Amino acid sequence: MDFLAKNALWAGLALGSALMLLWPMLKRGAGASVSANDAVLLINRSGAVVLDIRDDAAFAAGHIAEAKHIPLAQLSDRLKELSKFKEKPVLVCCDNGIQSGKAAVILAKQGFAQVRQLQGGVKTWQEAKLPLVKVR
């Protein structure tokens, strides 16, 4: 105890560093994040279902091919539409990778076994020069 009292600054720095290292893991929520390239592999090799949780305008402007569109605000009410995919990998995507964590938590609580989040969202998908489909 005497050691901590004399070295409070160093103990605080050590604790702060530990929290900063753990923060990305804690804020991630349910489901691991995958890069755009890993997402392509997940879709092509494992038949992952892509769930786009962006609003209607963003989805219409460009989305991943064959993505299911359920805005985050409607997800809880429309889970029945996804129930047949509970055992398949589900890739959740949003604009920038922030909102997908909320959707992943909702899906995990409902028993979806393999939820993944597109790291960086559709923005990262575009930056990787991967194709998007536009609603006409």
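Look above for the structure.
In short, a report on the structure. Every chain is numbered independently, its residues counted from 1 as its sequence is written. Owing to the predicted nature of the model, reporting of local features is limited to residues with pLDDT of at least 70; listing and counting of side-chain atom pairs is limited to 80 or more, with chain, interface and lining totals taken over all residues. No hydrogens and no water enter the side-chain calculation; it runs on all heavy atoms of the structure.

Topic: the overall build of the protein
The condition is simple: To qualify as a helix, a DSSP run of H or I must reach at least 4 residues; to qualify as a strand, a run of E must reach at least 2; elements of each kind are numbered from the N terminus. Here the globule rule reads 2.2 Å times residues to the power 0.38, and the radius of gyration is calculated from C-alpha atoms. The cut-offs for exposure are 20% and 50% of the maximum accessible area for each residue type, with area from a 1.4 Å probe on protein chains only; residues under the lower value are buried, those over the upper are exposed, and the others partly exposed. We call two residues in contact when some of their heavy atoms are within 4.5 Å. The accessible surface values rely on the Shrake-Rupley method and a 1.4 Å probe; as for residues, cover is taken only from the protein chains in view. Counted as positive: Lys and Arg. Counted as negative: Asp and Glu. His and the chain ends are not counted at all. The location of each charge is read from NZ of Lys, CZ of Arg, CG of Asp or CD of Glu.
Along the protein, the regular secondary structure elements total 6 helices and 5 strands. The N-to-C order of helical and strand elements in the protein reads α-α-β-α-β-α-β-β-α-β-α. In summary, the protein has a C-alpha radius of gyration of 19 Å against a globular reference of 14 Å for 136 residues, an excess of more than 25%. Summarising its shape, the C-alpha atoms of the protein cover approximately 70 × 35 × 30 Å along the three principal directions. Expressed as a percentage of the 136 residues in the protein, the buried residues total 32%. The contacts in the protein between residues at least 6 apart in sequence include a share of 69% that link residues at least 24 apart. Here the protein has roughly 8,700 Å² of accessible surface; of this, 58% comes from carbon and sulfur atoms. For the protein, the distance from the average position of its 18 positive side-chain charges to the average position of its 11 negative side-chain charges is 3 Å.

Some details on the nonpolar core
Quick reminder of the rule: Among the buried residues, those of types Ala, Val, Leu, Ile, Met, Phe, Trp, Tyr and Cys that are joined through side-chain atoms within 4.5 Å form a nonpolar core.
Membership of the largest hydrophobic core comes to 17 residues, with the highest contact counts inside it found for Leu51, Leu75, Leu82, Val92 and Leu107. Of all elements in the fold, only β2 (49-52), β4 (89-93) and α5 (100-109) reach the threshold of two or more residues within this core. Broken down by element, this core gets its largest block of residues, 3 residues, from α5. Membership of the second largest hydrophobic core comes to 12 residues, among which are Ala39, Leu91, Leu118 and Val122.

Quick word on the sheet that holds strand β5 (residues 114-118)
Basically, it comes down to this: Being paired, for any two strands, means DSSP has found at least two bridges between them. Angles shown run from 0 to 180 degrees and are taken between the N-to-C directions of axes, each axis being a line fitted to C-alpha atoms and, for helices, limited to the stretch in contact.
Strand order across the open sheet formed by 5 strands is β1-β5-β4-β2-β3, with parallel pairing between neighbours. Among the strands making up the open sheet, the edge pair consists of β1 (32-34) and β3 (68-69). Here 2 bridges tie β2 to β3, and the two strands are oriented parallel to one another. Note that in β3 the partner of Asp52 across the bridge is His69. Strands β1, β2, β4 and β5 of the sheet are contacted by helix α3 (residues 36-46), whose axis makes an angle of about 145° with β4.

Considering the packing of aromatic side chains
What counts is decided by this rule: Whether two aromatic rings pair depends on their centres lying within 6.5 Å, for rings of Phe, Tyr and Trp, where Trp uses its six-membered ring; planes under 30 degrees apart make the pair stacked, over 60 edge-to-face, and the rest tilted. The rule is short: NZ of Lys or CZ of Arg within 6 Å of the ring centre and within 35 degrees of the ring normal puts a charge over the ring.
Per the counting criterion, the structure on display carries 0 aromatic pairs. For Lys86, the ring lying beneath its charged end belongs to Phe112, and the centroid distance is 5.9 Å.

Description of the pattern of salt bridges
Convention followed: Salt bridges are counted wherever a side-chain nitrogen of Lys or Arg sits within 4 Å of a carboxyl oxygen of Asp or Glu.
In total, this model carries 3 salt bridges according to the counting rule given. We note a salt bridge from Arg54 to Asp95, for which the minimum N-O separation is 3.7 Å. With Arg54 in the loop between β2 and α4 (56-61) and Asp95 in the loop between β4 and α5, the pair connects residues that are 41 residues apart, well separated along the chain. Notably, a salt bridge pairs Glu81 with Arg78, separated by 2.7 Å at the nearest N-O pair. Three or more residues are tied together by salt bridges with common partners; here these are Asp52, Arg54 and Asp95.

No statement about biological role is implied by the geometric values presented.
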